[in-house]
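Structural overview for review
Each chain, written out:
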Amino acid sequence: MDNNVFGGAAAAEKEKCTMAKPFLVIMAAGMGSRYGGLKQIDPVGPNGQIILDYSIYDAHRAGFERVVFIIRPELHEAFEQAIGRKARRFMQVDYAYQTTDNLPEGLHAPEGREKPLGTAHAVWCASEATAGAPIAVINADDFYGADAFRKMYDYLINAQDDEKFRYCMVGYRVENTLTENGTVSRGVCTADENGLLTGIIERTAISRAADGRIVYAADGDEPAGEIPAGTPVSLNLWGFTPSFLPTLEDGLRRFFAEKLPQNPMKGEYYLPFAVDELIQAGRATAQVLTTTARWFGVTYREDKPTVCAAIAEMTRQGEYPEDL
């Protein structure tokens, strides 16, 4: 441990935190608005399970023992009854609340702002609940697959910061993240020869062309283009050592000073942007953990039969219990 970097007492505390078992942090503050209320979350499993039930089960099997749900405070009771209570079969459950007034001291959301302030702000809201442990962060409504959680847990349980913060993300092959029913938005990743993330470009309209190529549409001044099969993309499955959450306070202050004034009602501080800031500043790396798992999600109503059929087949093969 380099005490010149972290300081004597800080180094001991950092080592203690790094050795702590990782928490799973689930961004769910937008669930109620996207689904029109928790009661309308679509079941995809044979006994009414939702996608989040499978994520919690897979994370538990990988070794995670504690989960923090980031939600809106008014959804607490409904969320606990629909999801939290079931999750307690496998993990210790805690909650964090994302609101526009839950901010570092001295910051205030623009008057009249109702829209959440972004995924990086959501994760900052979980700072106290995670108790300085390493964290894995996921979306609530994406099916990531057991392999992704195993690789994430194995990385975090051994992760040690040194001269840089050592983070990670799970990269999915782009062809395993598409839907036949429309376009998808993905963070298209580039990595160096050591598998370290060098950049993410958000592509907002990716689809498979009639000739089988994977293409994205033009976006503003950006022309349309092609994404080669095998290219890793981000689905917001990130892993962080305890050093990350303190950096988000500084990031939020920069966002409020520089970016939010340009779009006060809708501007958001996104998790990939927060990570990229640290990488570009030379303060952090992010290892791209590759997986051959296929993503599933109900981006469009027409996606549901495909998701249900895939989970039914995995259940039939014994990957998941019917009574999960």
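Values in this document were obtained by computation on a predicted structure and should not be read as measured data. The numbering scheme is per chain: residues are counted from 1 as the chain's sequence reads. Given that the model is predicted, a residue must reach a pLDDT of at least 70 before its local features are reported, and side-chain atom pairs must reach 80 or more before they are shown or counted; all residues, however, enter totals for whole chains, interfaces and linings. Side-chain calculation: all heavy atoms of the structure are included, whereas hydrogens and water are not.

**Looking at the overall build of the chain**
Runs of H or I in DSSP of at least four residues are treated as helices and runs of E of at least two as strands, each being numbered from the N terminus. Along the backbone of the chain there are 10 helices and 11 strands. Our radius of gyration is a C-alpha quantity, and the globule rule it is checked against amounts to 2.2 Å times the number of residues to the power 0.38. For 324 residues, the compact-globule estimate of 2.2 N^0.38 gives 20 Å, and the chain sits close to it at 19 Å. Once the C-alpha set of the chain is aligned to its principal axes, its extents read approximately 55 × 50 × 45 Å. Within the chain, contacts between residues separated by at least 24 positions form 74% of all contacts whose residues are at least 6 apart in sequence. Carbon together with sulfur atoms contributes 48% to the accessible area of the chain, which is approximately 15300 Å² in total. Here a residue-residue contact requires only that any non-hydrogen atoms of the pair lie within 4.5 Å. Computed with the Shrake-Rupley method and a 1.4 Å probe, the accessible areas treat only the protein chains shown as cover for residues.

**Notes on the environment of Leu271**
Its location among the elements puts Leu271 in helix α9 (residues 271–280). Sequence-wise, Leu271 and Leu248 are 23 residues apart; in three dimensions their C-alpha atoms are separated by 9.4 Å. Not counting the four nearest positions on each side in its chain, Leu271 is found in contact with Thr119, Ala120, Val123, Val137, Asn236, Trp238, Phe240 and Phe244.

**Observations regarding the pairing of strand β7 (residues 197–208)**
At least two bridges found by DSSP between two strands are what make those strands a pair. As judged from the 7 bridges shared by strand β6 (residues 184–191) and β7, these two strands associate in the antiparallel manner. Note that in β7 the partner of Arg186 across the bridge is Arg203. Hairpin connection from β6 to β7: 5 residues lie between these consecutive antiparallel strands, with Gly195 at a positive phi of about 75°. As paired elements, β7 and strand β8 (residues 214–216) share 3 bridges and run antiparallel to each other. Counted as the bridge partner of Ser207 is Val215 from β8.

**Side note on α9**
Only protein chains enter the accessibility calculation, which uses a 1.4 Å probe; a residue is then buried when its area is under 20% of its type maximum, exposed when over 50%, and partly exposed in between. All of the buried residues in α9 are Leu271, Pro272, Ala274, Val275, Leu278 and Ile279. For α9, the arc enclosing every buried residue in end-on projection is 160°, short of the 170-degree limit, so these residues lie on one face. Looking one or two places after α9, you find Gly282, whose phi comes out positive at around 75°. Arc, as used here, means the arc of the directions from the helix axis to the C-beta atoms.

**Notes on the packing of aromatic side chains**
Pairing of aromatic rings covers Phe, Tyr and Trp, the last counted by its six-membered ring, and requires centre-to-centre distances within 6.5 Å; plane angles under 30 degrees mean stacked, over 60 mean edge-to-face, and any other angle means tilted. If you walk through the whole model with that rule in mind, you get 20 aromatic pairs. Each ring, one from Tyr144 and one from Phe149, has its centre 6.1 Å from the other, and the planes form 85°; the classification is edge-to-face. Residue Tyr144 shares its accessibility class with Phe149, and that shared class is buried. Between Tyr144 and Tyr172 the ring centres are 6.4 Å apart and the planes differ by 50°, which places this aromatic pair in the tilted class. Separated by 28 residues along the polypeptide, Tyr144 in the loop between β4 (135–139) and α7 (146–158) and Tyr172 in strand β5 (residues 165–173) bring together distant segments of the chain. The class for Tyr172 is buried, based on a relative accessible area of 0%. Here the aromatic residues Tyr54, Tyr57, Phe90, Phe143, Phe296 and Tyr320 are joined through ring pairs into a cluster of three or more.

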